[in-house]
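One-letter residues, chain by chain:
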Amino acid sequence: MDLRELTPDDQDLIAYAEAVVDANTDGDGGVHTMGAAVRDAQGRMHGGINVYHFLGGPCAELVALGHARASGARELTTIVAVGNRGRGPVGPCGRDRQILFDYHPGIRVILPTDVGVRSVRIEDLMPLAARWTPDEGTQAFDPTLFG
């Protein structure tokens with residue numbers, strides 16, 4: 001796995017995502033609890049915040065992707081999601097990973113790892129997926145499922 005130390009641009013992207021969520025968290029409970037930021041190939045940053053609803057709603061990463069697209073960005077280089085109230089970077093959920101993989105296969109994702117917050121290629125996150133079934137729950141990683 002290609003884990004990379006954070007660059008100054010990565011740190012700026014994290015700070016931008018933190019500013020988005022800190023400015024838009026609602027009340028003490030904060031239904032808007034996640035912010036995200038994505039950097040495009042021109043160096044522009046695009047932010048997003050989750051849209052919480054009891055039926056489900058888009059994660060902050062998906063809102064940031066939509067914001068980037070609506071702003072004309074087609075090639076994205078890096079994405080990060082952060083929790084409100086200083087919780088820092090959080091890795092993308094499975095749905096977000098799949099969408100990132102499908103739409104932006106070269107994107108780097110900033111997330112916590114066992115050696116600290118790093119960036120990793122989305123391709124490196126996908127093979128770590130596990131199969132889940134209602135009867136057996138989460139299964140151990142099986143590389144034959146991805147061959």
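The structure presented is a predicted model; accordingly, all values stated were derived computationally and were not measured. (Residues numbered from 1 in each chain as written. Predicted model: local features only at pLDDT ≥ 70, side-chain atom pairs only at ≥ 80, totals over all residues. Heavy atoms only, no water.)

Draft legend 1. Broad picture of the pairing of strand β3 (residues 76–83). With respect to burial, β3 is a largely interior element, seven of its eight residues being buried. As paired strands, strand β1 (residues 34–40) and β3 are joined by seven bridges and run antiparallel to one another. Residue pairing in the sheet places Arg39 in a bridge with Thr78 of β3. Both β3 and strand β5 (residues 108–113) contribute to a ladder of three bridges, which runs parallel. In the strand pairing of β5, Ile79 is matched with Val109. As paired elements, β3 and strand β4 (residues 88–90) share three bridges and run antiparallel to each other. The partner of Ala81 across the bridge, within β4, is Val90. The antiparallel hairpin formed by β3 and β4 contains four residues in its connecting segment, where Arg85 sits at a positive phi of about 55 degrees. (Buried < 20%, exposed > 50% of the residue type's maximum accessible area, 1.4 Å probe, protein only. Helix = DSSP H or I, 4+ residues; strand = E, 2+ residues; numbered from the N terminus. Pairing = 2+ DSSP bridges.)

Draft legend 2. Spotlight on the packing of helix α2 (residues 60–70) against helix α3 (residues 94–103). The contact between α2 and α3 brings their axes to 9 Å, and the two run at 30 degrees. Accordingly, the angle class assigned to the pair α2 and α3 is roughly parallel. Of the residues in α3, those touching α2 at Glu61, Leu62 and Leu65 are Arg95, Asp96, Ile99 and Leu100. Looking at the contact of α2 with α3, its residues break down into four nonpolar, no polar and three charged. (Axes fitted to C-alpha atoms, helices over the stretch in contact; angles between N-to-C directions. Parallel < 35°, antiparallel > 145°, perpendicular 65-115°, else oblique. Contact = heavy atoms within 4.5 Å. Nonpolar A, V, L, I, M, F, W, Y, C, P; charged D, E, K, R; others polar.)

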